[in-house]
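Structural characterization, general
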There are 4 protein chains.
Amino acid sequence: MTEMAPLGRRVAVEFVGTSALVAVVVGSGIQATKLSQDVGVQLLANSLATVFGLGVLIALLGPVSGAHFNPVVTLAAWWTGHSGSEGPTLREIAAYLPAQIAGAIGGAVLADAMFAEPLVRWSTHARWASHLWLGEVVATAGLVLLIFGLARAGRAHFAPVAVASYIGAAYWFTSSTSFANPAVTIGRAFTDTFAGIAPGSVLPFVAAQLVGLVVGVALVAVLFGRPAAAAEDVVVPHGEYHPATADR
Amino acid sequence: MTEMAPLGRRVAVEFVGTSALVAVVVGSGIQATKLSQDVGVQLLANSLATVFGLGVLIALLGPVSGAHFNPVVTLAAWWTGHSGSEGPTLREIAAYLPAQIAGAIGGAVLADAMFAEPLVRWSTHARWASHLWLGEVVATAGLVLLIFGLARAGRAHFAPVAVASYIGAAYWFTSSTSFANPAVTIGRAFTDTFAGIAPGSVLPFVAAQLVGLVVGVALVAVLFGRPAAAAEDVVVPHGEYHPATADR
Amino acid sequence: MTEMAPLGRRVAVEFVGTSALVAVVVGSGIQATKLSQDVGVQLLANSLATVFGLGVLIALLGPVSGAHFNPVVTLAAWWTGHSGSEGPTLREIAAYLPAQIAGAIGGAVLADAMFAEPLVRWSTHARWASHLWLGEVVATAGLVLLIFGLARAGRAHFAPVAVASYIGAAYWFTSSTSFANPAVTIGRAFTDTFAGIAPGSVLPFVAAQLVGLVVGVALVAVLFGRPAAAAEDVVVPHGEYHPATADR
Amino acid sequence: MTEMAPLGRRVAVEFVGTSALVAVVVGSGIQATKLSQDVGVQLLANSLATVFGLGVLIALLGPVSGAHFNPVVTLAAWWTGHSGSEGPTLREIAAYLPAQIAGAIGGAVLADAMFAEPLVRWSTHARWASHLWLGEVVATAGLVLLIFGLARAGRAHFAPVAVASYIGAAYWFTSSTSFANPAVTIGRAFTDTFAGIAPGSVLPFVAAQLVGLVVGVALVAVLFGRPAAAAEDVVVPHGEYHPATADR
């Protein structure tokens, strides 16, 4: 029933998926600032478009690559899975991460192209403050807790709706508007629009996200206990292709 | 369990469904411009109404006609299915496309009537720029990738929510607000309101949508590989009537 | 597995459900007008609150009474079901309709009480124009087509989400903001707030809704053909209590 | 298949879940007031973020602790369940309630920290009026009716979406914006931001919520009748860990 999709195809999916995700985030941000003067309305549009887009991407591409689109998720899958044989291998990580970063940059460029913005212009939007970094820690920890907690509870099939909804909430309840993704953070440095982040602000954001990764993995252990020995325990579906099964 | 609905009834469903879709898009656009001065709020209302309406139409009418409501979808179903015996026949295409176009025009007229606007007045809203055409290529490619990728992954039952959510995102992340549908594009030329498009802008939009169709079919092949030989591979459910089965 | 709930309890459910529905519509309208000057934002809040509330009410109360909350739905169930033995009986109709109307009035009074408005004050909001009546015909026909079409297609379990989404779209794409319910229309005459309707405007609205009922039933017949002889054909679940089964 | 999670872990989940819930409510309120001047837009953002966040928390943490996050829910589970052996024991209540209250306070502090607000500052937002108390009675009664009615109807698996949607509606249709939760009410006294409540207003809000609890339990009995003797009757899943089963 399950059959491993070739790594090349999975990497292509991670590239396209992360690209599409950033195109949605950046593109909807540009559209929103063109249409409204109210920043609240702008972020409503930006966050709702991301909820819709991210949910669709996970539902569509999850069966092929696991729909990580995020180095934090790939690394957490390796971390929580490497005691057994379930997480990605180092070779897979070495293929996924560059695809995610390249995809994120490509997505920012595509969004700029669609809106007749300069294809690449470094963002001038400084996001540098300790409370923003705390926001990133919280946002990333929550994302990791959600993805791996759902898997631990046997509810991985909720992921498309749950992860999208989580990001929709995190746009608002974190001060940083929840980047929570190192690849996306890098990509968003390439566009000087609503969703951009100044290159100088990228590094601490990524560092905070890695701290959040550690906190999230710890929270999974505390709240969900030791994994049962069941087949459902696969942390994130990846590297497997379920042509006609899946979450029903 | 499956029983072909007569072509006449399927064509009536395509007519009514496309008509309702355009009535939702055009009508909610008129309502939004009457109630708010903030164009961001207007597009929020317009896009959310479309998400709700399109999801309902696919859930309701999909079991009868496949709920294409879009020549691009019908043509892609033919293209990806014609090597086997699964796609629509040329005779079916010749019946579906006119029904979709006539329905789209009817829907615009109905919306105008409900809001006491002139029943037919050519739109004066020029949408003519290369970045808008790129937006249409992206929007249509994504739509085709979504519909046929879901089918390839055995998740066609996600279509009502996924396609509606996709359009909700694409309203915002594409510069063109994602027409992505030649029939709807033609219909929207008949109303000089928020959602209208000047007749002179229609042709390049449709051309861009056809380019997007090609790109989308190519993406399906690259990202999902060759189809398995399973029964689930039917690309889009069409021409079959599942009175009491369906997506559960 | 199915066991008829007593008529008295079903009638209580129709009363409470219709009351809650009107309290949501009227209450969220009052809240919205208190908080925003932008009528577009007001209707966004009003329509989203209704989507959330109506979906919950159908999911919760559908298993007991069928969650009609609307004389049009009860009458359509009788009409489409009375050739067989599936629709409600005349005695059941005679119990449901007054409960719906009384519930609607009670809901308007409750909303007024929660917001410290006069408990009963006739609405001064005239809604009198032929294009509004056309809006009501369309809104009601669509509602009937949706509910009974889903049942015909074996997808009655989609009703909570689908009906709520439909109303969310219809708030925007119809000029009348889609009352589509004679009981709710009467109830909304009792409050002089955002969602109110002047008593003098009620009668033509109700008449238009009855025309929509006829159009909707005709559309079901045209688009879905003759019903199959299957058990799934029960038009609207009513009068049956499924304690632990239902739509999964 | 079901295996009791240790009480300590369940209590940790109640603490974290309630904390996250309040962080979402308070944090999104702060973000919204920073970005928009339109209070309607602010409450739209606040309510949508809560819908997304609450639904995710129930879906993720329900399998471990029952995802009460609310003393009213814990008490209602005890009340409706204590005739049999299904509700929580007094010892469990004595562990859950303090965890919920402490979590709520922690969540308010965390939100303040993320937005560089003073970690603790008593709210100056007086919410003192009889019509607000009526709002709390209605909001809490509806919440109890929903949770325990769904369980009675065998639809407890709808809870994540249904409860979240209910709160999304109740933000708008009740005058009090639906606190409906004594722990959250206490927590929100610790932050002088959009979602705060002056300490002096807390007591009558909590009293109204307890009245709502009684009304809600009575409504369940009236509308859903006596419980069947089925296993599905567990009122709220709690104290049980379903690693790979759950609501599918």
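This one's a predicted model, so the numbers in the text were calculated from it and none came from an experiment.

**Description of the confidence of the model for chain A**
- With 88% of its residues at a pLDDT of at least 70, chain A reaches an overall mean of 90.
- Here residues 229-248 of chain A is a poorly scored stretch, pLDDT under 50, and it has 69 contacts once near neighbours within four places are set aside; other chains count.

**As for the interface of chain A and chain D**
- With 40 residues of chain A at the interface, the matching set in chain D holds 40 residues.
- Applying the counting criterion to the chain A and chain D interface returns zero salt bridges.
- The interface formed by chain A and chain D holds eight residue pairs in polar contact (both at pLDDT 80 or more) in total.
- Counting residues per element, the ones that place at least two in the side of chain A that touches chain D are helix H2 (39-65), helix H5 (130-152), helix H6 (159-173) and helix H8 (202-224) of chain A.
- Looking at the side of chain A that touches chain D element by element, the count peaks at nine residues for H5 of chain A.

**Brief notes about the pattern of salt bridges**
Residues and elements named next belong to chain A.
- Throughout the structure, instances matching the rule amount to four salt bridges over all chains.
- For Glu92, the salt bridge is made with Arg10, and the minimal N-O distance between the two is 3.0 Å. Here Glu92 is found in helix H4 (residues 90-114), whereas its partner Arg10 is found in helix H1 (residues 7-35), with 82 residues between them in sequence.
- With a relative accessible area of 4%, Arg10 lands in the buried category.

**Some remarks on the relation of the copies chain A and chain D**
- For the pair chain A and chain D, the relating rotation is 90°, the translation along its axis is 0.0 Å, and the fit reaches an RMSD of 0.0 Å. Here the transformation between the copies is reduced to the relation of a four-fold axis. Rotation axis and chain A: the residue whose C-alpha lies nearest the axis is Val41 of chain A, separated from it by 4.8 Å.
- Mapped onto chain D, only 15% of the interface residues of chain A are again interface residues, and the two copies thus contact each other with different surfaces.

**Describing the environment of Leu90 of chain C**
All names here are of chain C.
- For Leu90, the position within the fold is in helix H4 (residues 90-114).
- Looking at Leu90, the relative accessible area reads 58%, which means it is exposed.
- Taking the C-alpha atoms as reference points, Leu90 and Arg155, separated by 65 residues in sequence, lie 26 Å from one another.

**What about the side chain of Thr191 of chain A?**
- Mapped onto the elements of the fold, Thr191 of chain A is located in the loop between helix H7 (182-188) and H8.
- In contact with Thr191 of chain A, not counting residues within four places along its chain, are Val26, Ala108, Asp112, Arg121, Ser123 and Gly196 of chain A.

Parameters at a glance
All chains use their own residue numbering, which begins from 1 and follows the written sequence. Starting at A for chains and at 1 for ligands, labels are handed out in the order in which the entities are written. It should be noted that, the model being predicted, local features are given only for residues of pLDDT at least 70 and side-chain atom pairs only at 80 or more, the latter also being counted only at that level, while totals for whole chains, interfaces and linings use all residues. The side-chain numbers reported here are obtained from all heavy atoms of the structure, hydrogens and water having been left aside. For every residue, the predictor states its confidence as a pLDDT score lying anywhere from 0 to 100. Here, residues are in contact when the closest pair of their heavy atoms is within 4.5 Å. When a carboxyl oxygen of Asp or Glu lies within 4 Å of a side-chain nitrogen of Lys or Arg, that pair is called a salt bridge. Between N or O atoms, a polar contact is any pair within 3.5 Å; within protein, one atom must be a potential hydrogen donor and the other a potential acceptor, and residues adjacent in sequence are included only when both atoms are from side chains. Secondary structure elements follow DSSP: runs of H or I of four or more residues count as helices, runs of E of two or more count as strands, with numbering from the N terminus. Only protein chains enter the area calculation, which uses a 1.4 Å probe; residues under 20% of their type maximum are buried, those over 50% are exposed, and those in between are partly exposed. Here the copies were fitted onto each other by least squares, based on C-alpha atoms from residues at pLDDT of at least 70 in both.

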